[in-house]
There are 2 protein chains.
Amino acid sequence: MTTIEAICIGDELLEGRTRDANAAALGEYLASRGHALSRARFVRDDPDEIVAALRESVADVVVVGGGLGPTSDDRTRDAAAQFAQCDLVTHEPSLLHIASRFASREQDFTSNNHRQALFPQSATPLPTEVGTAPGFTLQDGRRLLMFFPGVPHEYLWFVERYIGPRFAVRAEFERTMLVFHGLGESALAATIADIVDAAEQGGQIVGFRAAYPVIELKLAGERAAVAETRAKVLERLGDWCVGEDDESLPARLGRQLVARGESVTTAESCTAGGIAALLTEVGGSSAWFERGYVTYANAAKVAEVGVLESTLAVHGAVSAQTVCQMAAGARRRADATYALAVSGIAGPGGGTPEKPVGTVHFALATNEGTFHRRVHYQRASRSKVRAGTAYTALAMLLAFLERGPASMGHAWDDHEIWAPTGIPASEET
Amino acid sequence: MTTIEAICIGDELLEGRTRDANAAALGEYLASRGHALSRARFVRDDPDEIVAALRESVADVVVVGGGLGPTSDDRTRDAAAQFAQCDLVTHEPSLLHIASRFASREQDFTSNNHRQALFPQSATPLPTEVGTAPGFTLQDGRRLLMFFPGVPHEYLWFVERYIGPRFAVRAEFERTMLVFHGLGESALAATIADIVDAAEQGGQIVGFRAAYPVIELKLAGERAAVAETRAKVLERLGDWCVGEDDESLPARLGRQLVARGESVTTAESCTAGGIAALLTEVGGSSAWFERGYVTYANAAKVAEVGVLESTLAVHGAVSAQTVCQMAAGARRRADATYALAVSGIAGPGGGTPEKPVGTVHFALATNEGTFHRRVHYQRASRSKVRAGTAYTALAMLLAFLERGPASMGHAWDDHEIWAPTGIPASEET
């Protein structure tokens, strides 16, 4: 079997300024095709260090990423020439590509950019369709050294284009991903521990990845076995599954709304636009989303979506009563099928013993009444509370659409919502 | 100077299932004290691979993380014994520590856990206060090999406890970061190439990092020299600098608005809440932001912020006229000092030859009139157009606050904005 390893170049990787994306992406790409990345290393933007790493690498294919940019700290091409003991020469087709790319963007082509068309004389250039920097290869005995740009989306394009043909998908090999939201990684792992054990003993690869605010579960292995594991997991945890493979939560929600010819609006306090932005992440979202309200201050909640001043005075902005009025008011005003509203304490300040930082109230207004939920995001930063809240709001609507009002608990009608003391707080989740 | 490198052990790192946290944390810790992590590498849970990595590492201090857990795939202690050519022996104080930790948690102490008290005979154990697994060191000639557990918070504790005393903070060392938005990495590098060259020749470390939609420039070195470089860069590129060190663009904008006792509102089409969400990323933003409007559909632009139907009919939603009406209308309705409005084509669909995907119109309404700008984000994905647009909108307001209306070009008054044909399109940027 052909062995492969990665060298990622950049001071930023060794100073914790940038978290590696490329070695991880290459490893994941190979694993998804049934192959294994044998090693990876990070090296500084220092020609001597790069040359040493090139000499030490023993795999059949060595993928070198980064340091091909136009700036003075991009030293990979110098190191490659030093390693290959040859000069750097201009590759005219690459120079033309770079110049035309700049021309089409009406940007100035500088002498720095010229550098990106320089290659070691013995190298074979690898054309790019996604950026300025071409890559190149060097043959060293039986080893093939491949040099790719380090910008993650360019690197990944090079991986797919130039690594893909050398590491084909193994026959009957399948990979699938399920995306969960609303339960922790330990709880998720514990709930399906027996399924995971059985799958791993049968030779499948099972990986959890916490990518807040979701947890991804990846399965890989023989096609029929993966399908069976996937079905078992969904049977147990389907209610928490908000996306799979290439379909994100907003895309899935949009598909459901389009199928029903329905629409949604938003009234947001602590997320301040984050829910509307998440809903519209997918192209074509204008089919189900027309408008939303960011009502950050109390006065805005009254003026824009009709919250009663008495409700704010008695229950406060972060309450079941206020958030239900926000949702019902926004739904009426925007004339949408559904309205999602949130009000919470994102922090870092503003918490109290009764309403600690991370407390968020949610409401979903529908033609079958308004549903309320309260969540406490514990020990979460401001940005995590806000990101988690946006996902939870969309998941609440998805649950209504896919599993019906019965999955939502008690629904309050308008009489209860607009009567200042009508609403009992629902259970914490 | 003492050199140091990292070896991180675990199949999950090489399959993209887990993103490295430990090498990044060690690198950041060292950089913050004026030291440099020279290399890092990821190695599989395979004793032969681990031994090879230990042999290849050349630094004075080699920090090995991971593979000290209780399960069968934790192979680091076996590899260390094989490398040191000695047996594994039980260290009684460590065994007592582990057993008492289990007792205090009322968990069962299994034979697997016993493994965590095994060390190569020639090793010196490193006690832990944050987990079950102790670490250990091996002296190999002049090299010191340090073995830490791989759980990130435990690893970091070991770094601070056992690396800290060996790598003290260097006197007169300074690190600073400038954040730029609105010009490309090549243009930025070309503009300050001479300053960067001089700084590097003087021994400073200069690093560029493109973190869309901003570019970070990091400077490190002797305090006075770094301050001088920083001043030179800002003299040339200050207009594009939107943040520095720990102050992000939203935080800086907030500071300016608070100082003036002013406020801002938003009317968003293509970003659909992204500008409001960015403005409120910092705690305390309610001091300058009360409400915003997400007007995704034409009907919403008319109903919520008073765009004229005739303007939409004549000029379309993505036009100077519409976006200026959105801003002026939102400012009046929300009674804010400023209003930011955007309307554009985020893609992937919706482009035309006249208004290709990536075309975005911006307006900033002020008490000195309404300013317009048009930007074309070329070859950018939907998410990049939206993220870039949100940053550009905030940068437009920051420029007004810090450099005054003169930096904005011609301002239109209400008469021009509400007259259907009054506004000539301003220049593309």
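See the structure shown above.
Residues numbered from 1 in each chain as written. Chains lettered and ligands numbered in written order. Predicted model: local features only at pLDDT ≥ 70, side-chain atom pairs only at ≥ 80, totals over all residues. Heavy atoms only, no water.

A look at the packing of aromatic side chains
All names here are of chain A.
Here is step 1 of the chain: Taken as a whole and judged by the stated rule, the model has 21 aromatic pairs over all chains.
Here is step 2 of the chain: With 5.5 Å between their ring centres and 40 degrees between their planes, Phe158 and Tyr162 make a pair best called tilted. Residue Phe158 and its partner Tyr162 are both found in helix α7 (residues 152-163); the two are separated by four residues, about one turn of the helix. In this pair, the class of Phe158 matches that of Tyr162, namely buried.
Here is step 3 of the chain: Clustering of aromatic rings is evident, with ring pairs tying together Phe148, Tyr155, Trp157, Phe158 and Tyr162.
Here is step 4 of the chain: Over the aromatic face of Tyr212 sits the side chain of Lys384, whose NZ or CZ is 4.9 Å from the ring centroid. (Phe/Tyr/Trp six-rings, centres within 6.5 Å; stacked < 30°, edge-to-face > 60°. Helix = DSSP H or I, 4+ residues; strand = E, 2+ residues; numbered from the N terminus. Buried < 20%, exposed > 50% of the residue type's maximum accessible area, 1.4 Å probe, protein only. Lys NZ or Arg CZ within 6 Å of the ring centre and 35° of its normal.)

Brief notes about the interface of chain A and chain B
Here is step 1 of the chain: Listed as interface residues are 74 residues of chain A and, on the opposing side, 71 residues of chain B.
Here is step 2 of the chain: For the pairing of chain A and chain B, the buried interface totals around 5800 Å² over both sides, and the portion due to carbon and sulfur atoms is 48%.
Here is step 3 of the chain: The interface formed by chain A and chain B includes 10 salt bridges.
Here is step 4 of the chain: With its nearest N and O atoms 3.3 Å apart, the salt bridge here joins Glu56 of chain A to Arg39 of chain B.
Here is step 5 of the chain: Our count for the chain A to chain B interface comes out at 34 residue pairs in polar contact (both at pLDDT 80 or more).
Here is step 6 of the chain: At seven residues, the largest contribution of residues to the side of chain A that touches chain B is made by strand β14 (residues 289-295) of chain A.
Here is step 7 of the chain: Both β14 of chain A and strand β14 (residues 289-295) of chain B contribute to a ladder of five bridges, which runs antiparallel. Residue pairing for β14 of chain B: Arg291 of chain A is matched across the bridge by Thr295 of chain B. (Contact = heavy atoms within 4.5 Å. Buried area = accessible area lost by both parts, 1.4 Å probe. Salt bridge = Lys/Arg side-chain N within 4 Å of Asp/Glu carboxyl O. Polar contact = N/O pair within 3.5 Å; in protein donor to acceptor, adjacent residues only side chain to side chain. Pairing = 2+ DSSP bridges.)

Side note on the sheet that holds strand β12 (residues 241-244) of chain A
Residues and elements named next belong to chain A.
Here is step 1 of the chain: Taken together, four strands build an open sheet; the order of strands is β10-β11-β9-β12 and the sheet is antiparallel. The open sheet terminates on both sides in strands that have one partner only, identified here as β10 (205-211) and β12. Averaged over all pairs of adjacent strands, the angle between their axes in this sheet comes to 20 degrees, without regard to strand direction.
Here is step 2 of the chain: Sheet topology note: the β10/strand β11 (residues 214-222) ladder contains seven bridges and is antiparallel. In the strand pairing of β11, Arg209 is matched with Glu216.
Here is step 3 of the chain: Contacts between helix α10 (residues 223-237) and the sheet are confined to β9 (173-180), β11 and β12, with β11 contributing the most and set at about 150 degrees to the helix. (Axes fitted to C-alpha atoms, helices over the stretch in contact; angles between N-to-C directions.)

Some thoughts on the packing of helix α9 (residues 193-201) of chain B against helix α10 (residues 223-237) of chain B
Residues and elements named next belong to chain B.
Here is step 1 of the chain: At a minimum axis separation of 10 Å, α9 and α10 run at an interaxial angle of 175 degrees. When the axes of α9 and α10 are compared, the pair comes out roughly antiparallel. Contacts between α9 and α10 involve Asp194, Ile195 and Ala199 from the first element and Thr229, Lys232, Val233 and Arg236 from the second.
Here is step 2 of the chain: Split into classes, the residues belonging to the contact of α9 with α10 amount to three nonpolar, one polar and three charged. (Parallel < 35°, antiparallel > 145°, perpendicular 65-115°, else oblique. Nonpolar A, V, L, I, M, F, W, Y, C, P; charged D, E, K, R; others polar.)

With respect to the nonpolar core
Here is step 1 of the chain: The biggest cluster of nonpolar side chains holds 88 residues, and the ones touching the most others in it are Val264 of chain A together with Val264 of chain B.
Here is step 2 of the chain: Other than its neighbours up to four places away in sequence, Val264 of chain B contacts Leu257, Leu279, Trp288, Phe289, Glu290, Arg291, Ala336, Tyr338, Leu340 and Leu397 of chain B.
Here is step 3 of the chain: Val63 of chain A together with Phe148, Phe158 and Ile163 of chain B belong to the second-largest nonpolar core, a separate cluster that totals 50 residues. (Core = buried A, V, L, I, M, F, W, Y, C linked by side-chain atoms within 4.5 Å.)

Brief notes about helix α5 (residues 92-104) of chain B
All names here are of chain B.
Here is step 1 of the chain: Taking 1.5 Å as the rise per residue, α5 with 13 residues should run 18 Å; its terminal C-alpha atoms sit 18 Å apart, in good agreement.
Here is step 2 of the chain: Of the positions making up α5, those classed as buried are Ser94, Leu95, Ile98, Arg101 and Phe102. One side of α5 carries all its buried residues, which in axial view fall inside an arc of 130 degrees. Turned more than 90 degrees away from the buried face of α5 sit Pro93, Leu96, Ala103 and Ser104, all of them exposed. (Expected span 1.5 Å × (residues − 1). Arc of directions from axis to C-beta.)

Section: the pairing of strand β17 (residues 369-376) of chain A
Residue and element names in this part refer to chain A.
Here is step 1 of the chain: Pairing geometry for strand β16 (residues 359-366) and β17, over eight bridges, is antiparallel. What sits directly across from His361, in β17, is Arg374.
Here is step 2 of the chain: Hairpin connection from β16 to β17: two residues lie between these consecutive antiparallel strands.

Side note on the pattern of salt bridges
Side chains that differ in charge, positive against negative, can pair when their charged atoms come close.
Here is step 1 of the chain: Per the stated rule, a full pass over the model turns up 54 salt bridges over all chains.
Here is step 2 of the chain: Of the charged contacts, one joins Glu28 of chain A and Lys218 of chain A as a salt bridge, the two residues approaching to 1.8 Å between their closest N and O atoms. Of this pair, Glu28 of chain A sits in helix α2 (residues 22-32) while Lys218 of chain A sits in strand β11, and the two are 190 residues apart along the sequence. Of the two residues examined, Glu28 of chain A and Lys218 of chain A, each falls in the buried class.
Here is step 3 of the chain: If you follow the salt bridges from partner to partner, you end up with Glu5, Arg39, Arg41, Glu49 and Glu56 of chain A together with Glu5, Arg39, Arg41, Glu49 and Glu56 of chain B in one network.

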